[in-house]
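Read off the chains here:
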Amino acid sequence: MSSGTAEGASSQSQYSLQIPAGSMAKALNALSVQTHQTILFSPQSTSHINVGGMKGRMTPTEALQRLLSGSGLKAEIVPGAGFTIKKASAIGKKSAEIKANDVETIFSFAHRKVKSEKRTSNVIVDSIAYDPFENLGGNSSIASSLILLPGVAAIYNGDEPRYVSLRGISPDLNHTTVDGLTMASIGETGSGTRRVNLQDTPVEMTSHTNIYKSFTAEQSGDAIGGVIDMIPMSAFDHKGLYAYLDGYGIASLYGGAAGQNGLSGYPKHMGAGEKAVISGRFGKNKEFGIIISSRYQNRVTNQTGTSGGLQYFDTAGKSISEPSSAKWNGMVAPSSYGSSEYANSVTTLGGSGKIEWRPVNTGLTASIMGWTYRRQEHQVGDWDAYNLKNSVTNQTPTSGTEQVNSIYVRRIQNTYSRSSNGLIGHVDWTRGKHDLVVRGGYTWEDYDNYQPLERMRTYPSSLYANYAGDPKNGKMFRITSLSDPSQVQNAKWSAYQMQQQWRKSTEGIPTVRADYGYNVRPNSRGFGVAAGFEWRGFNIKFDEKDKIWNNGFDVTSDAMYSNYYPWKWSIPFVFMNVNGLKYDWSSLSQSKSNAATSLYNSRMSDYRYREDVTDGYVSLHYALPHTVFIAGVRVDNVDYTSWSPTSSNNIASEGFTRRNGNYINPLPSFDIVHHFPWNVNLHASYSRSIGRPTPSNIAQAEKISCGTDDDSGVASCSISSGNPNLKPRKAHNFDVAVDKYFDHGNGMVSATFFNKIIKDDIYNLTNIYMQDGEIFQSSTPMNASGSILRGVEFSALDRSIHLLGQVFDLSMNATWMQGHMHYSNGTTMLRSDHLIYQPDVLVNGAVTWHIPAIKGALRATANYNGKFLTGLGSTRDENTGQGSVFMLNMALWHQVYKNVSFKYEVQNLSNTHFNNVIGSKLQYTNNTNYLGRGVYFHVILDYK
């Protein structure tokens, strides 16, 4: 199928048209561009048909009637999606030209619509449509769809993306909305961040998602990466009753230690899920609509991780702190080596509903939408860690021998739930050249987690570990053998900070906004103005309770020696055979309880934060026939209050210290859009925007915690603190984009240059060091003196490639970025050649081969993220990051009966391993995680 690619104002609005004589296909494409309407047609249906020229002022419907008169073609209106052109004999029955799965034809309009939105938008925007067949993975989340767009990098949770970074900017600096209203985000562990968990945000509640990468005054100003706006699906996207039901089974193929660790309930690997969308319209004139979506999934995933720290020695064999010393012997050695085993049962459940009202010939639309989604996890994690002394013998660049200082064994369990909820109202009124949109709503998230943790340790005497590896080339150091394995089997184990932890937090964001426009539609000419107001609240409360036991009491009887060898681990794994969820904690005498540390941790973790954002803007438009000028300013005002605990001599005080703050920023912007001949558009933009600090970065007190590491195995103890003096980031954004459309609007190539100059960028200063046989990691948010990020995005797509008698949809994009940051480690100014979350290269692609013989298709998606920084160390050698990732997924679907289809897919077909890296150039691998593949089988029922 082919189409024009624009869709904007009503099909009943009048336009000044000038359609040249020529082929029917070119005339329809010209009409699409001039009226900003999607017009879907088959090249075969319009071949050998020529039309005369046409000019005058008329509606798209009138223009189509004139163009198609006597051609044997008729236009059919698709509500909310434009027009489809068919042979007159095909109207009212199945078109013989459409041989793909019937339900796919519904979503072809959505794909055209997103290209239309890009083509007619006055800002640089990339969009992706909801398509239940093309969105792969049982979770089929917003995150998994967005990573196919240019400049979008995935931040993974297991084999699924959880967050996305835009143009190398941290996810905390995206502004994520539903229908323009801000989504709440409570943070990974409930502690409060601004990154929205898009893994749990289902695509079926949306028609498409836009990423705005340049900004006018009309866009929210608190985004440096971009604005992610999810557009809710509408019942008016369909002519009548529509239903889509998808039930599926899941096989997770990696077993890991599940079933061998003494716990039941985790060995199963089969899972199941369902997704559904039902919509309909009713009323005398079908002016009411209702749409409901739901989803459920239960899945078990297992993974094995190996981790290790690094240390350096001089030519005399003495330990040195960093390899920049002139005496460094040029080699690295492990300081620790660990293996972690995780089994995780994940259940997601939720749905959305929307009621709409569009009274005929009033220019008024109204809707109310609500949603709720809950994610529950039951996780067990086992960890063995060997800490090594700072001396080495027989050292080569890839091997050596070191004495074992201590062995730690840990079992950690989680039973947490997170819910995302929202209720929003929308009223849209249009008359003449006036447009008014009023929106209001409330979004909120809740987090609840119980986490028992049991640890034991032993100090062997004269036990040596032989190691081998090449971490500079992606092969981390691993212990290959022990000098006397019996010392482990016969060890006496003592408890080390056994602990129970309860975490609860809640966050709510009320929003009210009004946007008015005069003469600012895509087809408008002359002077126009847009103005608006927004108030947004933000409230988060975090509460933690800890109960910690003293070290040293004997737990040798809890040791479970196994014949299980983890992935790439040459030593039999030792489990701590304790079920913390059912453990009789009351059996431990209160004399073993560390009341002081328990009280300290409980009080020092808590905080509250409140924020009020008040924004107003004015934007002036002037539109010539081919050029649009936009100049505006948005004023962003913020008042905030934090409540933080305090301590003295490691004793937490009762109550909180209250701090108030505020800032106000004018955010000017200027944009030019020019429409060249040959279907070429040019965008040039300058804007200022800000990036707010996360609540925890401001309100969190300094806290020392041991035994609750970040699950990487890198650190046993952590020191974390906020920084109430943090300033918001301020960015100057420069963007230039050139877009070329071809193949009757099915194809597009685009090149975009962007440059961001960021003042007061925020980074986490990380310091890793050894103390008393423990690895400590401290982290503090800091303002950098300045950062610069520049890059180029290239993208190409065509949804109608005819090759060797077959039809393919192809999209691909590549992004190159370069950035640097000047920051202080507390004593010295340093330079990082990358920003946090900024890879050098991103490559994403997807191809779909339509197979009419089976009324289905074969689809593959591929994503490559280059390695990127996650934390800056006190020296460049302590920088930490995420290694490069390549992920390949594939699916096949076909129709087996009318309204019934089967779909088969493999997640992580590439069998990707996820690595953490460390070093001045992130050149050393110090953590690797393996989790295998997931296989899905879907049975899909559709009705339209």
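Predicted model only: the values in this text are computed from it and were never measured.

Engineer: I keep staring at the overall build of the protein chain and nothing clicks. Help me out?
Structural biologist: Counting its regular elements, the protein chain contains eight helices and 57 strands. Relative to the 2.2 N^0.38 estimate, which gives 30 Å for 944 residues, the radius of gyration of the protein chain is 30 Å and therefore close to what a compact globule would have. On the principal axes, the C-alpha backbone points of the protein chain span a range of 95 × 60 × 55 Å. By residue count, 60% of the 944 residues in the protein chain fall in the buried class. A separation of at least 24 residues holds for 73% of the contacts in the protein chain among residues at least 6 apart in sequence.

Engineer: Could you clarify how one ought to interpret the sheet that holds strand S9 (residues 125-129) in this entry?
Structural biologist: Note: strands within a sheet are paired through backbone hydrogen bonds, in either parallel or antiparallel orientation. In spatial order, the strands read S9-S14-S15-S12-S13; together these five strands make up an open sheet with mixed pairing. Edge positions in the sheet fall to S9 and strand S13 (181-182), since each of these pairs with one other strand and no more. Two elements, strand S14 (residues 206-212) and strand S15 (residues 226-232), share six bridges in a ladder whose sense is antiparallel. Pairing of Asn-210 across the sheet is with Asp-229, part of S15.

Engineer: Please clarify how empty space enclosed by the protein should be interpreted in this entry.
Structural biologist: Unoccupied space between atoms shows up once a probe the size of one water molecule is rolled over them. Tallied over the entire structure, the rule returns 16 cavities of 30 Å³ or more. Taken as a whole, the second largest cavity spans an internal volume of roughly 640 Å³. Ile-128, Leu-148, Leu-149, Ser-811 and Arg-859 are the residues nearest the centre of the second largest cavity, which is lined by 42 residues in total. Mapped onto the lining of the second largest cavity, the elements with two or more residues apiece are helix H4 (104-120), S9, helix H5 (142-146), strand S46 (786-803), strand S47 (806-824), strand S49 (841-851), strand S50 (856-865) and strand S53 (885-897).

Engineer: Teacher, can you tell me more about unusual backbone geometry here?
Structural biologist: Excluding glycine, most residues fall at negative phi; most peptide bonds, likewise, are trans. Phi angles above zero are rare outside glycine, and Arg-167 is one such case at about 55°. Along the chain, Arg-167 turns up in the loop between strand S11 (160-166) and strand S12 (174-178). Looking at Arg-167, the relative accessible area reads 0%, which means it is buried. Phi is positive for Lys-855, close to 50°, though the residue is something other than glycine. Take Lys-855: it is sitting in the loop between S49 and S50.

Engineer: Would you mind going over the side chain of Gln-838 with me for this structure?
Structural biologist: With respect to the helices and strands, the residue Gln-838 is situated in the loop between strand S48 (829-832) and S49. For Gln-838, a relative accessible area of 0% gives the class buried. One polar contact links the side chain of Gln-838 to the main-chain amide nitrogen of Gly-819, over a distance of 3.5 Å. Among residues more than four places away in sequence, those in contact with Gln-838 are Gly-168, Leu-789, Met-817, Gln-818, Gly-819, Asp-833, Lys-867 and Phe-868.

Engineer: Mind showing me how you'd approach the nonpolar core here?
Structural biologist: Burial of nonpolar side chains together is a common tendency in soluble globular proteins. Grouped together as the largest cluster of nonpolar side chains are 44 residues, with contacts concentrated most on Leu-146, Val-152, Val-164 and Leu-198. Looking at this core, the elements with two or more residues in it are H5, strand S10 (152-157), S11, S15, strand S16 (242-252), strand S23 (364-388) and S53. Counting 36 residues, the second largest nonpolar core, distinct from the first, contains Ile-407, Met-498, Tyr-564 and Trp-569.

Engineer: It is not clear to me how the pattern of salt bridges should be interpreted in this structure. Could you clarify?
Structural biologist: Any two side chains of opposite charge can pair, so long as their charged atoms come close to each other. Applying the stated criterion to the full structure yields 33 salt bridges. Asp-382 is the salt-bridge partner of Arg-411, the closest N and O atoms lying 2.8 Å from each other. Remark: Asp-382 occurs in strand S23 and Arg-411 occurs in strand S25 (residues 399-431); sequence separation between them is 29 residues. Like Arg-411, the residue Asp-382 is buried in the burial classification. Residues Arg-729 and Asp-761 are paired through a salt bridge, measuring 2.9 Å at the closest nitrogen-oxygen approach. Of this pair, Arg-729 sits in strand S42 (residues 729-742) while Asp-761 is found in the loop between strand S43 (747-759) and strand S44 (762-771), placing the two residues 32 residues apart along the sequence. Judged by relative accessible area, which is 7%, Arg-729 ranks as buried. Among the ionic contacts, a cluster of salt bridges with common partners joins Asp-222, Glu-534, Arg-536, Asp-615, Arg-634, Asp-636 and Arg-692.

Engineer: Where do I start with the pairing of strand S24 (residues 393-396) in this structure?
Structural biologist: Alignment of S24 against S25, held across two bridges, turns out to be antiparallel. Directly across from Thr-393, in S25, lies its bridge partner Thr-401. Counted between consecutive antiparallel strands, the loop separating S24 from S25 contains two residues.

Engineer: For this particular structure, what's the right way to read the packing of aromatic side chains?
Structural biologist: Centre-to-centre distance and the angle between the planes together describe a pair of aromatic rings. For the structure on display, the rule yields 29 aromatic pairs. Taking 6.2 Å as the distance between ring centres and 85° as the angle between the ring planes, the aromatic pair formed by Tyr-312 and Trp-328 counts as edge-to-face. Of this pair, Tyr-312 sits in strand S19 (residues 310-314) while Trp-328 sits in strand S21 (residues 328-334), placing them 16 residues apart in sequence. Among the residues examined, Tyr-312 registers a relative accessible area of 7% and is labelled buried. A centroid spacing of 5.3 Å and a plane angle of 25° characterise the contact between Tyr-442 and Trp-444, whose relative ring orientation is stacked. On the basis of relative accessible area, Trp-444 is assigned to the partly exposed category, the value being 28%. Positioned over the ring face of Trp-502 is Lys-545, at 5.5 Å from the centre of the ring.

Engineer: I keep staring at the sheet that holds S21 and nothing clicks. Help me out?
Structural biologist: Across the sheet, which stays open at both edges, the three strands sit in the order S20-S19-S21 with antiparallel pairing between neighbours. Bordering the open sheet on either side are strand S20 (319-320) and S21, each of which pairs with just one other strand. Pairing geometry for S19 and S20, over two bridges, is antiparallel. If you follow Tyr-312 over to S20, its bridge partner there is Ile-320.

Engineer: How do you make sense of the pairing of strand S38 (residues 657-676) when you look at a structure like this?
Structural biologist: Across a regular strand the side chains alternate sides, sitting on one face of the sheet and then on the other. Pairing of strand S35 (residues 627-644) with S38 involves 18 bridges; the strand directions are antiparallel. Bridge pairing in S38 links Thr-627 to His-674. Pairing of S38 with strand S39 (residues 680-691), which is carried by eight bridges, proceeds in the antiparallel orientation. Pairing of Asp-671 across the sheet is with Ser-685, part of S39. Here S38 hands over to S39 after three residues, with Trp-678 in that stretch at a positive phi of 65°.

Engineer: Quick question: what am I supposed to make of a positive patch on the surface here?
Structural biologist: A cluster of like positive charges, contributed by Lys-541, Arg-608, Arg-610 and Arg-658, occupies part of the molecular surface. Mapped onto the secondary structure, Arg-610 falls in strand S34 (residues 607-623). Residue classification places Arg-610 among the partly exposed positions, given a relative accessible area of 33%.

Engineer: Before we go on, may I ask you to explain the environment of Asp-798 in this structure?
Structural biologist: With respect to the secondary-structure elements, Asp-798 resides in strand S46. The residues touching Asp-798, leaving out its near neighbours within four places in the chain, are Phe-742, Asp-743, Asn-746, Gly-747, Phe-808, Asp-809 and Leu-810.

Engineer: Is there a simple way to think about the packing of helix H1 (residues 24-35) against helix H3 (residues 60-68) in this case?
Structural biologist: Two packed helices can be described by the angle between their axes and the distance between those axes. Taken N-terminus to C-terminus, the directions of H1 and H3 make an angle of 170°; their axes are 11 Å apart at the nearest point. Relative to H3, the element H1 is oriented roughly antiparallel. Touching Met-24, Ala-27, Leu-28, Leu-31 and Thr-35 of H1 are Pro-60, Ala-63, Leu-64, Leu-67 and Leu-68, all from H3. Tallied by class, the residues present in the contact of H1 with H3 amount to nine nonpolar, one polar and no charged.

Engineer: Is there a simple way to think about H1 in this case?
Structural biologist: Each α-helix turn comprises 3.6 residues. Residues three or four places apart therefore point the same way. Between its first and last C-alpha atoms H1 spans 16 Å; for 12 residues at 1.5 Å apiece the expected length is 16 Å, and the two agree. By the criterion of burial, H1 is predominantly enclosed, with nine of the 12 residues buried. Inspection of H1 places Met-24, Ala-25, Ala-27, Leu-28, Asn-29, Ala-30, Leu-31, Ser-32 and Thr-35 among the buried residues, and these make up the whole buried set.

Engineer: Before we go on, may I ask you to explain the side chain of His-938 in this structure?
Structural biologist: Summarising the element assignment, His-938 is placed in strand S57 (residues 934-943). Side-chain polar atoms of His-938 contact the side chain of Asp-246, separated by 3.0 Å. One polar contact links His-938 to Glu-905, side chain to side chain, over a distance of 2.6 Å. What His-938 contacts, discounting residues up to four positions off in sequence, is Asp-246, Gly-247, Tyr-248, Lys-275, Ser-901, Phe-902, Lys-903 and Glu-905.

Engineer: How should I be thinking about a nonpolar patch on the surface in this particular structure?
Structural biologist: On the surface, Leu-241, Leu-245, Ile-278, Tyr-904, Phe-937, Val-939, Leu-941 and Tyr-943 cluster together to form a nonpolar patch covering roughly 680 Å² of accessible area. The greatest single-element share of the nonpolar patch, amounting to four residues, is contributed by S57. By secondary structure assignment, the location of Phe-937 is in strand S57.

Engineer: Whenever I open this one, the confidence of the model for the protein chain confuses me. Can you help?
Structural biologist: If pLDDT is low for a region, its predicted coordinates should not be looked at in detail. Of all residues in the protein chain, 90% attain a pLDDT of 70 or more, and the chain-wide mean is 85. Of all secondary-structure elements in the protein chain, the lowest mean pLDDT belongs to strand S1 (residues 2-3), at 42, while S34 reaches the highest, 95. This stretch, residues 708-714, has a pLDDT under 50; its non-local contacts, to residues over four places away or in other chains, come to 20 contacts.

Definitions and limits used
- Just so you know, the residues in each chain are numbered from 1, in the order the chain's sequence is written.
- For this predicted model, a pLDDT threshold of at least 70 governs which residues receive local features, and a threshold of 80 or more governs which side-chain atom pairs are given and counted, while totals over whole chains, interfaces and linings are taken from all residues.
- Side-chain figures throughout are based on the complete set of non-hydrogen atoms in the structure, without hydrogens or water.
- In DSSP terms, a helix is any run of H or I states spanning at least four residues, a strand is any run of E spanning at least two, and both are numbered starting from the N terminus.
- Here the radius of gyration uses the C-alpha set of atoms, whereas the globule reference equals 2.2 Å times the residue count to the power 0.38.
- For every residue, the accessible area obtained with a 1.4 Å probe (protein chains only) is divided by the maximum for its type, and the residue is called buried under 20%, exposed over 50%, and partly exposed between those limits.
- Whether two residues are in contact is decided by their heavy atoms, any of which lying within 4.5 Å being enough.
- Here, a strand pair is defined by DSSP locating no fewer than two bridges between the strands.
- Of the grid points, spaced at 1 Å and generated over the protein atoms alone, those admitting a 1.4 Å probe that cannot get out make up cavities, while open sets with protein on both sides within 12 Å along at least five of seven lines make up pockets; any residue with an atom within 4 Å of a point is treated as lining.
- Grid points are joined across faces, edges and corners, and a volume is the space filled by probe spheres set on the points.
- N or O atoms closer than or at 3.5 Å make up a polar contact, with two conditions inside protein: a donor-capable atom paired with an acceptor-capable one, and, for residues adjacent in sequence, both atoms drawn from side chains.
- What makes a nonpolar core is a set of buried Ala, Val, Leu, Ile, Met, Phe, Trp, Tyr and Cys residues whose side-chain atoms join them at distances within 4.5 Å.
- We define a salt bridge as a side-chain nitrogen of Lys or Arg found within 4 Å of a carboxyl oxygen belonging to Asp or Glu.
- A pair of Phe, Tyr and Trp rings is counted when the ring centres sit within 6.5 Å of each other, with Trp represented by its six-membered ring. The angle between the planes then sorts it: under 30 degrees is stacked, over 60 is edge-to-face, the rest tilted.
- By the criterion adopted, a ring carries a charge over it if an Arg CZ or a Lys NZ lies within 6 Å of its centre and within 35 degrees of its normal.
- To count toward a patch, a residue needs a relative accessible area above 30% and no salt bridge. Like charges then connect within 9 Å, nonpolar side chains (Val, Leu, Ile, Met, Phe, Trp, Tyr) within 5 Å.
- Each accessible area is a Shrake-Rupley estimate made with a 1.4 Å probe; only the visible protein chains count as cover when residues are assessed.
- Counted as positive: Lys and Arg. Counted as negative: Asp and Glu, with His and the chain ends omitted from the count.
- One atom stands in for each charge, and that atom is NZ of Lys, CZ of Arg, CG of Asp or CD of Glu.
- Interaxial angle, 0 to 180 degrees, is taken between N-to-C directions of lines fitted to C-alpha atoms, where a helix line uses only the stretch in contact.
- When describing relative orientation, an angle under 35 degrees is termed roughly parallel and one over 145 degrees roughly antiparallel, while 65 to 115 degrees is termed roughly perpendicular and anything else oblique.
- Residues are grouped as follows: Ala, Val, Leu, Ile, Met, Phe, Trp, Tyr, Cys and Pro are nonpolar; Asp, Glu, Lys and Arg are charged; every other residue, Gly included, is polar.
- Helices are assigned an expected span. That span is 1.5 Å times one less than the residue count.
- The predictor's confidence in any single residue is recorded as pLDDT, a number from 0 to 100.

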